[in-house]
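Close look at the chain arrangement
Chain by chain, the residues run as shown.
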Amino acid sequence: MRYIPNSQADRKQMLAEIGAESIEQLFLGIPEKLRLRRLLNIPRALTEPELLEYFRERSSKNEVGGTSFVGAGIYRHYIPIIIDALISRSEFYTAYTPYQAEIAQGTLQAIFEFQTYIAQLTGTEVANASLYDGSTGLAEAVLMAHRITKKNRFLVAKTVHPEYRAVLDTYARNLGIAVELIDYQADGRIDMSNLESRMTSDFGAVVVQSPNFFGTIENTHDISELAHSHGTLSIVNICEAMALGILKPPGEDVSEQRTADIVVGEAQALGVPMSFGGPHLGFIGTRERYVRQTPGRLVGMGTDHAGRRGFVLTLSTREQHIRREKATSNICTNQSLCALMTTVYLATVGPHGLREIAEQNILKTHYAVTEIKKRTEHTVLFSAPRFNEFVLQLDKGSPRIGLSLSRFYPELGNSVLLCVTETARRGEIDAMVQGLVS
Amino acid sequence: MTPEDLLFSKEHEWLRIVDSIGTIGISDHAQKELGEIVYVELPKVGTKFDNGETFGNVESVKAVSELFMPASGEVVEINEELGAAPEKINEDPYGEGWMIRVRLANTEDTADLMSAEEYDDYIKEEE
Amino acid sequence: MSNNERAWTHISINERLLFEEGSAGRRAFNVPALDVPAKDVTELIEPELLRSGVPAMPELSEVDVIRHFTRISTWNYHIDLGLYPLGSCTMKYNPKINERVARMDGFAHAHPYMPAESIQGALEIQKTLENCLAEISGMDAVTLQPAAGAHGELTGILMIRAYHESRGNPRKKILIPDSAHGTNPASAAISGYVVQSIPSNRRGTVDLEALRNIVNEDVAAVMITNPNTLGIFESEIAEITELLHSHGALVYMDGANLNAMMGITRPGDFGIDVLHINLHKTFTTPHGGGGPGAGPVAVKKILEPFLPIPVIRANTDGNFFFDYDRPKSIGKVKAYNGQFGMHVRALCYILANGPEGLKEVSEVAVLNANYIRAKLKDVFAVAFESPTLHEVVFSDRLQASKDVHVWDIGKRLMDYGFHPPTVSFPLIVNGAIMIEPTETESKLELDAFIDAMRSIANEAVEKPELVTSAPHKTRIGRIDEAAAARRPVLRWKPD
């Protein structure tokens, strides 16, 4: 058996040294009535060539050539080849969690770099080593605000990704946390006057997403200021992390009043393949004074006895293996290898590359919108500025592009959410628009 | 040397009473058990606690321990120095490592606390 | 080779942080030029919503990036280098073919919201994996949604809660053995339950009599690990599950130790109602330095209605689709449909093994662990006399008299070229050392590990300072964790 080095001869020798007659003897502690006395009913073993063929066949049944113009929280961006070259090093991908710092400095330094990048991109003071994904990250951010403020009610924009809100609901319902939705206005942004009228210090936080699910850019700084003036916290969720290459970060402004307390989201857009929904990685950034309430792992800088600089998992007393039922969350892992992909991505494209790519997203989307308005009968909804997505209300028909919004926003009628990234060539956009012309 | 003017709880907190103000901290035995202390979470001034209630917690690198009131009272002062230097609890648990001062609700509360000598016996038994 | 020759120091290059390197103007990647009309972005977006410049990130060339990450990678111990004897982690070899298949275009570039008819290959892989996991665990249905083991636990407990709620009473408590992993009580608490501890008996297993006294109609479930965290099979498991069921309660199993029993026994056959499976343990998806993992959950029929959405089903013409019409579902535990990249890898592993192969995996995993136990039990105190399966727990009792503790032993192992075993867990054993070699270690590597441990046991008596001041051969010594935690520095900042 290819992954088991010990031959039959080795096994015999080992059994002799244990003093057992057979391997079966080692299982005598299991009552006979519980023993499975047949082979598992799973497919027979395939050899390497057969395995490759099996998976090639299934891979070819997925139509991934060309662009489907779908975003909705998972984005198709260029992924530099250097990322896979580096993360395929077994030093990185076959390493364990870096609990033993002396022999895990590679992983630990890379995570420290990731934490720094996220803090820079989001404008926050401190960020963690990553979370499972954006959706669970949002739930964790709300739980964190609940711990800080001891309040149970949260105001959440309806334009926060519907699946994220569904996950939040699953987490919140057994902890007595109530979520109240704020609607959007005609231009696609959150209804600010409604938000203002409903906001009181009874709420733990206001939660908005920018760019929001429709692709519309919110003024998170105004929203943070509003939240703070009413005695609540401000949480900003980001699904399209590429936007941070060009948009002013929610954690950065002239005064603390105008900055978000927690910036949370999904970093898949930065160097991680779409991979049919996972694995990806969530991120969370916050103010230094809230660091002890932050879920997940944290890597800190330290020194050894000789004064050498090194990195180490720190503040672990917040985590489940020590606090057990009083833990701040039950997250045992970060998404280390995916965080490494994002770190390599940001190192590779650099700040100018990131901004240039973000700009291309904006301009190509703008081009698509302009062409659609010029050449088709459909309506582009929401006039506020957007990043790389927009909602198209269809005059008639149901094209096989974008994401139909009938499940999430039935009030928008026959509408689709379309996404245009830097990977869409002009010819593809033109063809897409042509397809929409009746 | 366990200071003789202190009273001790089974949870390893100490109490020093001067007039009706009680100063509270954790014992030398407790700080040894915890190891190097990295953080202590203390309540706000003005909070009232009953005897036995949790008033905060103390963290070392590998463990967290709750802090229990040895008597009932209202917090009138907390040791702000512990924010930047929690190691004072390790270095001087009965002096600079004091944690909170409370206005005691009453003085009969302390009947179930141990004297220094009784506490020394108590920790010998635990081991 | 003698022990002194098994591991030696070696030139590794120092490397600063990315933010301390680079210089203006360097770039490692270019995108094709803009092929649509250029515009000033400030005409499309209000200037106050834009960054004034670019983020303060380093500018690096391709060679800079390659050098940086290659150099720091050499500072890592990893499974391709040597044994990780970590109890309860199942650090087995990560087959290379898994990496190849996961990267196939049709998998890596599929978007989760593509219409069902255009992603049949992906759906088939997920369904096939579900079926295999159900058969291996003896259960009726599987969800692949949870992102990790702890996430799977949360999902499982939420389903238990939904089940009880559907019968009119969510109940109040979850019982957890004192030997359990810390995620167990945390998951229970987040689901709104109070945790009550169950004691272990002298044999290291759940005290059935004590359990009988505790179980009542307030108990929603017990969370159990089998074999337990000591590597001991709960021989009274059938009685335990029956006891819980007779009170209308359910049994959750932490599947972390599944590697001990594939093809030998099945949780579904000894009364488990729901369990999570760690794909990054038993099914060898790589640890990645701390994630991503995946924690699918398998359930019996009674819990099937509560599975998170979507559920993959096949319609009458055999095509797969995502079913969202599940009125009793607990909802979503994560956006989209789970860690698909890990599903591909795990299925590849299962298909590479087949039924005989998986059984052999568990048999040799148990053999390897018992071999270590037999060869070390005279120098390290075995925690419990009971037979152990795929892992064994020793304590530092024999070494503690010279003030040598488990973490010292672990650090000294590094000088011999090994990663330390799990230390200080489970909490019920004072000074615990938990060792799980897995089946992918050869006798040669096991013997080298045994020799190293025996040598350290000797050092603990003859030259204890050598052990307590270890490691000596690593790039960096023990980091002052207390100082790092007191004044945390969690990011680089410009001066």
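1. Remarks on the overall build of chain A
- Check the secondary structure of chain A and you find 12 helices and 13 strands.
- With the principal axes as the frame, chain A shows a C-alpha extent of 80 × 50 × 50 Å.
- Burial analysis of chain A (438 residues in total) assigns 67% to the buried set.
- Contacts spanning at least 24 positions in sequence make up 72% of the contacts within chain A whose residues lie at least 6 apart.
- Of note, chain A has its 45 positive side-chain charges centred 3 Å away from the centre of its 48 negative side-chain charges.

2. Quick notes on the pairing of strand E2 (residues 153-157) of chain A
Residue and element names in this part refer to chain A.
- Most of E2 sits out of view: 4 of its 5 residues are buried.
- Relative to strand E4 (residues 203-209), E2 runs parallel, the two sharing 4 bridges. Bridge pairing in E4 links Leu155 to Val206.
- Taken together, E2, helix H7 (residues 162-172) and strand E3 (residues 178-182) constitute a β-α-β crossover, and its handedness is right-handed.

3. Side note on the interface of chain C and chain B
- Listed per partner, the contact involves 6 residues of chain C and 9 residues of chain B.
- Carbon and sulfur atoms make up 44% of the area that chain C and chain B hide from each other, which totals about 570 Å².
- Where chain C touches chain B, the interface holds 2 salt bridges.
- Ionic pairing is found between C:Arg486 and B:Glu87, a salt bridge with its closest N-O pair at 3.3 Å.

4. Topic: the interface of chain A and chain C
- With 184 residues of chain A in contact, the opposing surface of chain C contributes 200 residues.
- Both faces combined, the contact of chain A with chain C buries some 16,900 Å², and carbon together with sulfur accounts for 64% of it.
- If you look at where chain A meets chain C, you find 16 salt bridges.
- Where chain A packs against chain C, one counts 82 residue pairs in polar contact (both at pLDDT 80 or more).
- Here the side of chain A that touches chain C takes 25 residues from helix H11 (residues 336-375) of chain A, the largest share from any one element.
- Counted by class, the side of chain A that touches chain C contains 89 nonpolar, 53 polar and 42 charged residues.

5. Focus: the packing of aromatic side chains
- In total, this model carries 31 aromatic pairs over all chains according to the counting rule given.
- Where C:Phe380 meets C:Phe394, the ring centres are 6.1 Å apart and the plane angle is 55°; that geometry is what we call tilted. A residue pair is termed long-range when its members are at least 10 positions apart, and C:Phe380 in the loop between helix H10 (340-376) and strand E10 (381-382) and C:Phe394 in strand E11 (residues 392-395) qualify at 14 residues.
- On the basis of relative accessibility, which here comes to 0%, the residue C:Phe394 falls in the buried class.
- Aromatic rings pair up to connect A:Tyr184, A:Phe213, A:Phe214, A:Phe382, A:Phe408, A:Tyr409, C:Tyr113 and C:Tyr336 into one cluster.
- A cation sits over an aromatic face here: A:Arg289 above A:Tyr290, 5.2 Å from the ring centre.

6. Notes on the nonpolar core
- Formed by 162 residues in total, the largest nonpolar core has its most connected members in A:Ile235 and C:Phe69.
- When residues of this core are assigned to their parent elements, the largest contribution, 14 residues, is made by H11(A).
- Setting aside residues no more than four positions away along its own chain, C:Phe69 makes contact with A:Leu86, A:Phe92, A:Glu113, A:Leu340, A:Thr343, A:Val344, A:Ala347 and C:Leu18.
- Ranked by size, the runner-up nonpolar core spans 127 residues in total, among them C:Ala110, C:Leu129, C:Ala249 and C:Ala448.

7. Looking at empty space enclosed by the protein
All names here are of chain A.
- Overall, the coordinates contain 5 cavities of 30 Å³ or more when judged by the stated rule.
- Lining the largest cavity are 15 residues; nearest its centre among them are Ser210, Thr220, Leu247, Lys248 and Pro250.
- Mapped by element, the contributors of at least two residues to the lining of the largest cavity are helix H9 (220-229) and strand E5 (233-238).
- Counted by class, the lining of the largest cavity contains 9 nonpolar, 4 polar and 2 charged residues.
- Of the voids in this model, the second largest cavity is the one considered here, and its volume is about 90 Å³.

8. What to know about the pattern of salt bridges
Residue and element names in this part refer to chain A.
- Counting across every chain of the model gives 66 salt bridges over all chains.
- Where Arg35 meets Glu24, a salt bridge forms, and the shortest distance between an N and an O atom there is 2.7 Å. On the criterion of sequence distance, the pair formed by Arg35 in the loop between helix H1 (8-18) and helix H2 (48-60) and Glu24 in the loop between H1 and H2 is long-range, its members being 11 residues apart.
- Glu24 sits in the partly exposed class, given a relative accessible area of 32%.
- In this structure, the salt-bridge partner of Asp202 is Arg153, at a minimum N-O distance of 3.6 Å. With Asp202 in the loop between helix H8 (192-198) and E4 and Arg153 in strand E2, this residue pair connects regions lying 49 residues apart in the sequence.
- For Asp202, a relative accessible area of 46% corresponds to the partly exposed category.
- Beyond isolated ion pairs, a larger network of salt bridges with shared partners links Asp222, Glu225, Lys248, Asp253 and Arg258.

9. Comments concerning the domain arrangement of chain A
All names here are of chain A.
- Along its sequence, chain A is organised into domain 1 (81-343) and domain 2 (350-437).
- For domain 1 versus domain 2, the separation of C-alpha centres amounts to 27 Å.
- The interface is formed by 25 residues belonging to domain 1 together with 25 residues belonging to domain 2.
- Between domain 1 and domain 2 lies a buried interface of about 2,000 Å² when both sides are counted; carbon and sulfur atoms form 69% of it.
- Considering only the side of domain 1, the residues that lose the most area to domain 2 are Phe214, Met242 and Ile246, jointly responsible for 31% of the buried surface there.
- Where domain 1 meets domain 2, there are 2 salt bridges.
- At the boundary of domain 1 with domain 2, the tally comes to 9 residue pairs in polar contact (both at pLDDT 80 or more).
- Among the elements that line the side of domain 1 that touches domain 2, the one with the most residues is H7, at 3 residues.
- The residue inventory of the side of domain 1 that touches domain 2, partitioned by class, reads 13 nonpolar, 6 polar and 6 charged.

10. Considering helix H5 (residues 120-137) of chain C
Residue and element names in this part refer to chain C.
- Taking 1.5 Å of rise per residue, 18 residues should cover 26 Å, and H5 covers 26 Å from first to last C-alpha, within 8% of that figure.
- Counting buried residues in H5 gives 17 out of 18 residues, a clear majority hidden from the surface.
- Phi turns positive, to about 70°, at Gly138, one or two residues after H5.

11. Looking at helix H2 (residues 62-73) of chain C
- The end-to-end C-alpha distance of H2(C), which contains 12 residues, comes to 16 Å, matching closely the 16 Å that a straight helix rising 1.5 Å per residue would cover.
- Listed as buried for H2(C) are C:Val65, C:His68, C:Phe69, C:Ile72 and C:Ser73. Looking straight down H2(C), one finds that the buried residues subtend no more than 125° of arc, so they occupy a single side.
- On its buried side, H2(C) packs onto helix H3 (81-87), helix H4 (90-93), helix H5 (105-122) and H11 of chain A.

12. A look at the layout of surface pockets
- Volume-wise, the second largest pocket comes out at about 980 Å³.
- Taken together, 46 residues form the lining of the second largest pocket, with A:Val70, A:Gly402, C:Tyr113, C:Met114 and C:Pro115 sitting closest to its centre.
- Elements with a minimum of two residues in the lining of the second largest pocket: strand E12 (403-404) and strand E13 (415-419) of chain A together with strand E9 (320-323) of chain C.
- With 3 residues, the top contributor of residues to the lining of the second largest pocket is E13(A).
- Looking at side-chain class alone, the lining of the second largest pocket contains 23 nonpolar, 17 polar and 6 charged residues.

13. Overview of the sheet that holds strand E11 (residues 389-393) of chain A
Residues and elements named next belong to chain A.
- The sheet built from 4 strands is open, its strands ordered E10-E11-E13-E12 with antiparallel pairing. Edge positions in the open sheet fall to strand E10 (379-380) and E12, since each of these has one partner strand only.
- As paired elements, E12 and E13 share 2 bridges and run antiparallel to each other. Counted as the bridge partner of Leu403 is Leu417 from E13.
- Along the sheet, H11 contacts E10 and E11; its crossing angle with E11, the most-contacted strand, is approximately 15°.

So, how was this worked out
Residues numbered from 1 in each chain as written. Chains lettered and ligands numbered in written order. Predicted model: local features only at pLDDT ≥ 70, side-chain atom pairs only at ≥ 80, totals over all residues. Heavy atoms only, no water. Helix = DSSP H or I, 4+ residues; strand = E, 2+ residues; numbered from the N terminus. Buried < 20%, exposed > 50% of the residue type's maximum accessible area, 1.4 Å probe, protein only. Contact = heavy atoms within 4.5 Å. Lys, Arg positive; Asp, Glu negative; His and termini not counted. Charge placed at Lys NZ, Arg CZ, Asp CG, Glu CD. Pairing = 2+ DSSP bridges. Right-handed = clockwise from strand over helix to strand, strands pointing away. Buried area = accessible area lost by both parts, 1.4 Å probe. Salt bridge = Lys/Arg side-chain N within 4 Å of Asp/Glu carboxyl O. Polar contact = N/O pair within 3.5 Å; in protein donor to acceptor, adjacent residues only side chain to side chain. Nonpolar A, V, L, I, M, F, W, Y, C, P; charged D, E, K, R; others polar. Phe/Tyr/Trp six-rings, centres within 6.5 Å; stacked < 30°, edge-to-face > 60°. Lys NZ or Arg CZ within 6 Å of the ring centre and 35° of its normal. Core = buried A, V, L, I, M, F, W, Y, C linked by side-chain atoms within 4.5 Å. 1 Å grid on protein atoms, 1.4 Å probe; cavity = no way out; pocket = protein on both sides within 12 Å on 5 of 7 lines; lining within 4 Å. Points joined across faces, edges and corners; volume = space filled by probe spheres on them. Domains from an automatic or database assignment. Expected span 1.5 Å × (residues − 1). Arc of directions from axis to C-beta. Axes fitted to C-alpha atoms, helices over the stretch in contact; angles between N-to-C directions.

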